[in-house]
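Summary of structural features
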Amino acid sequence: VTVPGGAIYREQSIILSPFDNDVTRNFYGKRMFMGSQGVGPFGVMESDALIIQGEQKLINQADELVLLVDSTKFSRRSSLILCPLGRVTTIITDDGISDADRRMVEEAGVQLIVAKVQDKRRDSASVA
C-alpha cells in the first residue's frame, strides 16, 4: 500500500496534496473504480471540490474508468461536474435504472452492466 503525502481530510476520507507535482502523478492504472454523488447527461457529479481535485488527478492516469453507482444516483444532481459521461468506460448499477437513463448511458457510448437485485421481501414471503 502506498500512501501519498498531503493533508488528511477526515470528513471526505482522503489524503490530498496541495501540489500539482505530488506522488500521484507517478501512478498508472489500467482501470480506476469509483463511485459518485450523481450521474447525468453532463457527466459524473460530486458535491465536494476536494474529492474532485483528488479524483481528477487519478482519472487522467487510468485507461478505463469504471463507475459503481446504484440506480438512485441517476436522479441525483450536484453543482460540480467531475468529468463528462463520455470519459467513463463502464457503469455498473442495479436493475432499478430507468429506460431513459439506460438510453442516456448508451448514447454516451458507455458500456452498461446491470446487476439483478434480489427483493428480500418477495423472497421471504414465498418461503412462508
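These numbers were taken from a predicted model, which means no experiment stands behind them. (Residues numbered from 1 in each chain as written. Predicted model: local features only at pLDDT ≥ 70, side-chain atom pairs only at ≥ 80, totals over all residues. Heavy atoms only, no water.)

Points about the overall build of the protein
As a reminder of what qualifies: The numbering of helices and of strands both runs from the N terminus, where a helix is a DSSP run of H or I of at least 4 residues and a strand a run of E of at least 2. Summary of the burial criterion: residues with accessible area below 20% of their type's maximum are buried, those above 50% are exposed, and those between are partly exposed, where the area comes from a 1.4 Å probe applied to protein chains only. In what follows, a contact means two residues having at least one pair of non-hydrogen atoms within 4.5 Å. With residues, only the protein chains shown are counted as cover, and all accessible areas are computed by Shrake-Rupley using a 1.4 Å probe.
Along its length, the protein carries 3 helices and 9 strands. Listing each helix as α and each strand as β along the protein from the N terminus yields β-β-β-β-β-α-β-β-β-α-β-α. Considered along the principal axes of its C-alpha atoms, the protein spans approximately 60 × 35 × 30 Å. Burial analysis of the protein (128 residues in total) assigns 38% to the buried set. Taking all contacts inside the protein whose residues are at least 6 apart in sequence as the whole, residues at least 24 apart take part in 60%. Here the protein has roughly 8,200 Å² of accessible surface; of this, 52% comes from carbon and sulfur atoms.

Quick look at the nonpolar core
Applied cut-off: The criterion is simple. A nonpolar core is a set of buried Ala, Val, Leu, Ile, Met, Phe, Trp, Tyr and Cys residues joined through side-chain atoms within 4.5 Å.
Counting 21 residues, the largest nonpolar core has Met34, Leu67, Phe74, Val88 and Ile91 as the members making the most contacts within it. Among the secondary structure elements, those contributing two or more residues to this core are β3 (29–34), α1 (49–59), β6 (62–68), β7 (80–83) and α2 (99–107). For this core, the element with the highest residue contribution is β6, accounting for 3 residues.

Overview of the pairing of β6
Here is the rule we go by: Each pair of strands is called paired provided DSSP finds at least two bridges between the two strands.
The element β6 is largely enclosed, with a buried count of 5 among its 7 residues. Strand direction decides the pairing type here: β3 and β6, joined by 5 bridges, are parallel. Pairing of Arg31 across the sheet is with Glu64, part of β6. The pairing of β6 with strand β8 (residues 90–94) spans 3 bridges and is parallel.

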